[in-house]
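Overview (structure and organization)
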Amino acid sequence: MFGGLKRLGLLASILVSTFCLPAKAQTDLTPCAYNEEPRIEVSIAQRETSVWCGDRQLDAFPVGLGAPLTPTKPGNYTIGWVSYDPPYINHITGVKTPGRNCMLGPIFLYVYTDTDGTNVGFHGTCDTWSIGKYKSNGCLRLSFDDVQRLYRWVVRDTKVHIY
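Predicted model, so just to flag it, every value in this text is computed and none were measured. (Residues numbered from 1 in each chain as written. Predicted model: local features only at pLDDT ≥ 70, side-chain atom pairs only at ≥ 80, totals over all residues. Heavy atoms only, no water.)

1. Looking at the nonpolar core
If you look at the biggest cluster of nonpolar residues, it comprises 27 residues, and the most contacted ones within it are Val 42, Leu 109, Val 111, Phe 122, Leu 150 and Val 160. At the level of secondary structure, the elements contributing two or more residues to this core comprise strand S2 (39–43), strand S10 (107–113), strand S11 (119–124), strand S13 (140–142), helix H2 (144–153) and strand S14 (159–162). Per-element tally for this core: the top contributor is S10, with six residues. Setting aside anything within four residues of it in sequence, one finds Leu 150 in contact with Ile 40, Val 51, Phe 61, Leu 109, Phe 122 and Leu 142. (Core = buried A, V, L, I, M, F, W, Y, C linked by side-chain atoms within 4.5 Å. Buried < 20%, exposed > 50% of the residue type's maximum accessible area, 1.4 Å probe, protein only. Helix = DSSP H or I, 4+ residues; strand = E, 2+ residues; numbered from the N terminus. Contact = heavy atoms within 4.5 Å.)

So this is what it looks like as structure tokens:
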């Protein structure tokens, strides 16, 4: 009985900490024209994430990408949801570390679900040495500060182009 309650509690905590992104910009940072939307470009070769509005680059960050055995997949996606203080589940040990001080940092911006069911997205990392390298399981790693800066540019369905 208690195992079921624990699972229900875990599910509830994940649902409570996961929200849909608003249709409007998070702050007054978005200098896009009324008919423009911000977009995110990720260069796998340059290991850089940039935010654009039309032909204007608004911001850029170094990014850690998928390792050779678990590469970040090129393609066109949209930001689907965001999780605040996301739980991290170690895929080898199964140990779950919740909250802001875990491996994912304060924010997870969902981009796509990999073929093995793993959610792939932008998140912070305490392993700052891995930013700018191919070391993740497919996710896009940023510093804690940079993932929060990126979040400020994002609106619901922001386009993400990974190339």
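Anyway, onward from the coordinates.
2. What about the sheet that holds strand S6 (residues 75–78)?
Strand order in the open sheet formed by five strands is S4-S3-S2-S14-S6, and the pairing between neighbours is mixed. Taken across any chain shown, the strands that pair with only one partner, and hence form the sheet edges, are strand S4 (56–62) and S6. The sheet shows a mean angle of 20 degrees between the axes of neighbouring strands, taken without regard to direction. With five bridges joining them, S2 and strand S3 (residues 48–53) adopt antiparallel strand pairing. Bridging across to S3, Val 42 finds its partner in Thr 49. Against the sheet, H2 touches S2, S3 and S4, its axis set at about 155 degrees to S4. (Pairing = 2+ DSSP bridges. Axes fitted to C-alpha atoms, helices over the stretch in contact; angles between N-to-C directions.)

3. Regarding the packing of aromatic side chains
Under the counting rule described, the total for this entry stands at four aromatic pairs. Taking 4.6 Å as the distance between ring centres and 20 degrees as the angle between the ring planes, the aromatic pair formed by Tyr 77 and Tyr 112 counts as stacked. Of this pair, Tyr 77 sits in strand S6 while Tyr 112 sits in strand S10; the two residues are 35 residues apart in sequence, bridging distant segments of the chain. Residue classification places Tyr 77 among the buried positions, given a relative accessible area of 19%. Relative accessible area serves as the criterion here: at 6%, Tyr 112 is assigned to the buried category. Note on Trp 81 and Phe 108: the rings are 5.7 Å apart at their centroids and 35 degrees apart in plane angle, and the pair reads as tilted. (Phe/Tyr/Trp six-rings, centres within 6.5 Å; stacked < 30°, edge-to-face > 60°.)

4. What about the confidence of the model for the protein chain?
For any part of a model where pLDDT is low, the fine detail of the predicted coordinates should not be relied upon. Summing up the model confidence of the protein chain, the mean pLDDT is 80 and the portion of residues at 70 or higher is 78%. The low-confidence segment residues 1–28, where pLDDT is below 50, has 29 contacts with residues more than four positions distant or belonging to other chains. (pLDDT = per-residue confidence, 0-100.)

5. Description of the state of the cysteines
Here, the word disulfide means a covalent bond between the sulfur atoms of two cysteines. Evaluation of the coordinates by the stated rule reveals one disulfide. Between the sulfur of Cys 32 and that of Cys 53 lies a disulfide, 1.9 Å long from S to S. Within this pair, whereas Cys 32 is found in the loop between strand S1 (18–19) and S2, its partner Cys 53 is found in strand S3, the two being separated by 21 residues in sequence. (Disulfide = S-S within 2.5 Å.)

6. What to know about the pattern of salt bridges
Applying the stated criterion to the full structure yields four salt bridges. In this structure, Glu 36 and Arg 56 form a salt bridge, with 3.3 Å as the shortest nitrogen-oxygen distance. Placement of Glu 36 in the loop between S1 and S2 and of Arg 56 in strand S4 is noted, with a sequence separation of 20 residues between them. Looking at Arg 56, the relative accessible area reads 35%, which means it is partly exposed. (Salt bridge = Lys/Arg side-chain N within 4 Å of Asp/Glu carboxyl O.)

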